[in-house]
Amino acid sequence: MYCPECGHHNREAARFCGRCGASLLDPDAGEPTMSFEAVEEEGADAGAAAEPGEGATLVIRAGGGRAGEQYAVDRERMTIGRAPQSDVFLDDITVSREHAVLERQADGLHLTDRGSLNGTYVNRHRVETARLADGDELQIGKYRLTYIERAP
């Protein structure tokens, strides 16, 4: 079975690509997919999620078909990982359950790898910990995110 993302030849019973981690399951097979309509709250600005606002934001640029999703960095400490309770939930086998953590320190926002198998990258360099600056590109598993810092 060949991976639709990277073309790697995988064993026939594989569920995920051994090279890039992409799903090898037929999206039409198995459980039916349910869809929900978005409910707009009263007073909510419909375009609020389209552009990063004030404060720091993480924007998914590529990976998992989630390009454009945003996460406001609005707490002193935020977790990133595959665990559903993560503040930044990246659901893919290439992401560790507790992959990394964002922590606000006196000199700015720091990204720290939590011993992940695939590593954490900032601007294409593998890091254990790094202070983030506006425009930095993060790679966590197959996801590429951009850190955007806006003045409050």
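Relevant structure appears above.
This report concerns the structure included in the present document. (Residues numbered from 1 in each chain as written. Predicted model: local features only at pLDDT ≥ 70, side-chain atom pairs only at ≥ 80, totals over all residues. Heavy atoms only, no water.)

What about the overall build of the chain?
A count of helices and strands for the chain gives zero helices and 11 strands. In sequence order, the chain lays out its α and β elements as β-β-β-β-β-β-β-β-β-β-β. Across the chain, every contact between residues at least 6 apart in sequence was considered, and the portion connecting residues at least 24 apart equals 31%. Roughly 10000 Å² of accessible area belongs to the chain as shown, and the carbon and sulfur atoms make up 48% of that amount. (Helix = DSSP H or I, 4+ residues; strand = E, 2+ residues; numbered from the N terminus. Contact = heavy atoms within 4.5 Å. Areas by Shrake-Rupley, 256 points an atom, 1.4 Å probe, with all protein chains shown as cover.)

Here's the deal with the sheet that holds strand β9 (residues 129–131)
The sheet built from five strands is open, its strands ordered β4-β3-β5-β6-β9 with mixed pairing. One side of each edge strand has no neighbouring strand; the edge strands of this open sheet are β4 (88–89) and β9. Strand direction decides the pairing type here: strand β6 (residues 108–113) and β9, joined by three bridges, are antiparallel. Within β9, the residue paired with His110 across the bridge is Arg131. (Pairing = 2+ DSSP bridges.)

A word on unusual backbone geometry
Of note, Asn123 is a non-glycine position whose phi angle comes to about 50°, a positive value. With respect to the element layout, Asn123 can be found in the loop between β7 (120–122) and β8 (125–127). Judged by its relative accessible area of 35%, Asn123 falls in the partly exposed class. Non-glycine residue Arg124 carries a positive phi angle of around 70°. Take Arg124: it is sitting in the loop between β7 and β8. Residue classification places Arg124 among the exposed residues on the basis of a relative accessible area of 63%. (Buried < 20%, exposed > 50% of the residue type's maximum accessible area, 1.4 Å probe, protein only.)

Re the sheet that holds strand β10 (residues 137–140)
Spatially, six strands are ordered β2-β1-β11-β10-β7-β8 in an open sheet, and the strand pairing comes out antiparallel. With one partner strand each, in any of the chains shown, β2 (70–73) and β8 form the two edges of the open sheet. Sheet twist, expressed as the average angle between the axes of neighbouring strands with direction ignored, equals 30°. Pairing of strand β1 (residues 55–62) with strand β11 (residues 143–150), which is carried by seven bridges, proceeds in the antiparallel orientation. In the sheet register, Ala62 faces β11, and the bridge partner there is Arg144. (Axes fitted to C-alpha atoms, helices over the stretch in contact; angles between N-to-C directions.)

Section: the nonpolar core
Core analysis: the biggest nonpolar cluster contains 23 residues, and Leu58, Ile80, Leu90, Leu102, Leu111, Leu132 and Leu145 have the highest contact counts within it. Those elements giving two or more residues to this core turn out to be β1, β2, β3 (77–81), β5 (100–105), β6, β10 and β11. Excluding its chain neighbours within four sequence positions, the residues that come into contact with Leu145 are Leu58, Val59, Ile60, Arg61, Leu90, Asp136, Glu137, Leu138 and Ile140. In terms of nonpolar packing, the next biggest core, distinct from the first, is built from five residues, Cys3, Ala14, Cys17 and Leu24 among them. (Core = buried A, V, L, I, M, F, W, Y, C linked by side-chain atoms within 4.5 Å.)

Digging into the environment of Arg126
As for its position among the elements, Arg126 is in strand β8. Sequence spacing of Arg126 and Gln139 is 13 residues, and the spatial spacing of their C-alpha atoms is 9.0 Å. Discounting chain neighbours no more than four positions away, the residues touching Arg126 are Ser116, Leu117, Asn118, Gly119, Thr120 and Tyr121.

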